[in-house]
Amino acid sequence: MDEDQLVLQSGNSSVVAPAGYGKTETIARVAGACRRALILTHTHAGVHAVRARLRKLEVPYYRVNVDTFAGWCMKYANAFSGVAQPPGSSPQGQEWAALYRGTALALNVPAVTDVVESSYDRILIDEYQDCDACQHEVALALSRIVPTTVFGDPMQGIFEFAGATLDWNTQIFPSFPLVAELTVPHRWEKTNPALGAWIHDTRKRLEAGEKIELDDERIHWQTSHDPFDMSVFFDGLDFEAESVAAIHCRKAICYNLARATNGAFQAIEELEARRLRLFAEEWDAASSNKSYHEAVRKFFVDCFRKKEPNQDTIDVDSSAVDALMQDLRDQLTGPRPAEAAGSLLHAARSHPRWRLFRSGLWRDCERALLELANDRCATLSEAAEAIRLRNNFVGRQLPKRTVSTPLLLKGLEFHDVIIPYVPHFKSEDAAQAKLFYVAISRATRSLKIGAPEQALVFPAPNS
């Protein structure tokens, strides 16, 4: 029997779905067979992915409501604020826990129960391994109203540091009994079945804490003693590949790796857009024209690798760009500093000795400065927040070659994946094996792993 039929014939239930095994397809098929379904996931990118699959299956939009877990809870908590007592329109930190607890309380009110019961006949919650205890309480409250199925993968539970530490055997399965485990590795069927088989075998070994052999013909192992060994990045690299991702667990290392590749690999930004917001705060707080200069200078340092003339084997004439940029710097002391800064950022891209390695951040900053220059926002912080929210809602367009963390790449897939120095996973405080599994399962066509030795062992993960 198909997994979707097993779900539809059950009440509250769970489905374990390894990476690349057709979870989104199963969720969409189940929703399409319902009178009216609610699908909750954790990111706007997840929302877009589910909606795209629903359109592909020609499921009428009015039969499925797709939302983020946080967004749906905010709507209900604010709609029934007397009971839920939501913390505000933009929760921060521990305020999210209060929001979820308030939503769970509201769902116990008969009037709210009636609304949910009359609105949906099935609730589907995606990426359940990313739920914390407070979100679990919301799911339990929903499951007492409408049959609820949770989809997730214990081996992708890499948000332990943020409190997502639910135990599947003792906390999830008793309330949402396991009805199916997806077993077909769809991600690799047409690209590299052998790689899919290696990732499947490695998953089993990671779960058991067993040794993993990297000297396997199904993957590429290269001796590496340093994450900054550029031969791991470039030896055998297919520059025509549709997408390539290099993966390291530490964000700061990812930025430095992108710098070291001279921008051949671009670092991507976290959803919180901390660096953009920091620049905006420094700009807004500038009390003098000198402060504008300093904010821009520090931003340039964090985005470009600059070569001195004597570092080039061929003399490159940068005088025209240098003159233009100096003129724009001088205009920072004029009446329209935001306009000058935006033009300066745009001009810097064409400098022959400069290599941009955080293009997404750079582009967002240009857009924010344009918003401020055109008086569409009162401050650069306001403009930066608008850009951040838009990116979170519509998603980012990733560069062709990316270097980033498992946290930011989870849920995505790439033709080729490079792990420049695999022992660093063992330095993580938690979820070491899970982080490695998420990293390797992003690859659809090829996987290259840099390591000093051909054997690797991780402690067995928490369930």
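Everything below is about the structure printed above this text.
Fair warning: this is a prediction, and the values are worked out from it, not measured in the lab. (Residues numbered from 1 in each chain as written. Predicted model: local features only at pLDDT ≥ 70, side-chain atom pairs only at ≥ 80, totals over all residues. Heavy atoms only, no water.)

Participant: Break down the packing of aromatic side chains for me, citing the residues and quoting the values.
Facilitator: Any aromatic ring pair is given by two values, namely how distant the centres are and how the planes are angled relative to each other. The final tally for this structure, using the stated rule, is 24 aromatic pairs. Taking the centre distance of 6.4 Å and the plane angle of 15 degrees together, the rings of F234 and F239 count as stacked. Taking the relative accessible area as the measure of exposure, F234 reaches 27% and is therefore partly exposed. Seen in terms of ring centroids, F279 and F299 are 4.8 Å apart; in terms of plane orientation they differ by 40 degrees. Their pairing is tilted. With F279 in helix α13 (residues 274-285) and F299 in helix α14 (residues 289-303), this residue pair connects regions lying 20 residues apart in the sequence. Of the two residues, F279 and F299, neither departs from the other in class, the shared state being buried. Above the face of the Y255 ring, R358 is positioned so that its terminal group lies 3.7 Å from the ring centre. (Phe/Tyr/Trp six-rings, centres within 6.5 Å; stacked < 30°, edge-to-face > 60°. Buried < 20%, exposed > 50% of the residue type's maximum accessible area, 1.4 Å probe, protein only. Helix = DSSP H or I, 4+ residues; strand = E, 2+ residues; numbered from the N terminus. Lys NZ or Arg CZ within 6 Å of the ring centre and 35° of its normal.)

Participant: Explain the side chain of N392 residue by residue, including any values.
Facilitator: Note that N392 resides in helix α18 (residues 380-394). For N392, a relative accessible area of 16% corresponds to the buried category.

Participant: I'd like to hear about the pairing of strand β4 (residues 122-125), residue by residue, with values.
Facilitator: A regular strand places its side chains on the two faces of the sheet in alternate fashion. Here β4 shows a buried face lined by R122 and L124 and a second buried face lined by I123 and I125. Pairing of strand β2 (residues 37-41) with β4 involves four bridges; the strand directions are parallel. In the strand pairing of β4, L38 is matched with I123. The pairing of β4 with strand β5 (residues 148-152) spans three bridges and is parallel. Its bridge partner lying in β5, I125 is registered against V150. Taking the sense of rotation as the criterion, the β-α-β connection linking β4, helix α8 (residues 133-143) and β5 turns out right-handed. (Pairing = 2+ DSSP bridges. Right-handed = clockwise from strand over helix to strand, strands pointing away.)

Participant: Lay out the pattern of salt bridges in plain terms, naming residues and giving numbers.
Facilitator: Tallied over the entire structure, the rule returns 29 salt bridges. In this structure, the salt-bridge partner of E282 is K298, at a minimum N-O distance of 2.9 Å. Within this pair, whereas E282 is found in helix α13, its partner K298 is found in helix α14, the two being separated by 16 residues in sequence. Classification of E282 by relative accessible area gives partly exposed; the value is 21%. Judged by its relative accessible area of 31%, K298 falls in the partly exposed class. Two residues, R388 and E385, come together in a salt bridge whose shortest N-O distance is 2.7 Å. In this pair, R388 and E385 are both assigned in helix α18, three residues apart and thus about one turn of the helix distant. Taking relative accessible area as the criterion, R388 reaches 16% and is therefore assigned buried. (Salt bridge = Lys/Arg side-chain N within 4 Å of Asp/Glu carboxyl O.)

Participant: Describe the side chain of R442, and please don't skip the residues or the numbers.
Facilitator: In this structure, R442 sits in the loop between α20 (432-440) and β15 (443-451). We note that R442 is buried and unpaired, the nearest opposite charge coming from E413 at a distance of 6.7 Å. In this structure the side chain of R442 is engaged in a polar contact, spanning 2.7 Å, whose partner is the backbone oxygen of L412. (Lys, Arg positive; Asp, Glu negative; His and termini not counted. Polar contact = N/O pair within 3.5 Å; in protein donor to acceptor, adjacent residues only side chain to side chain.)

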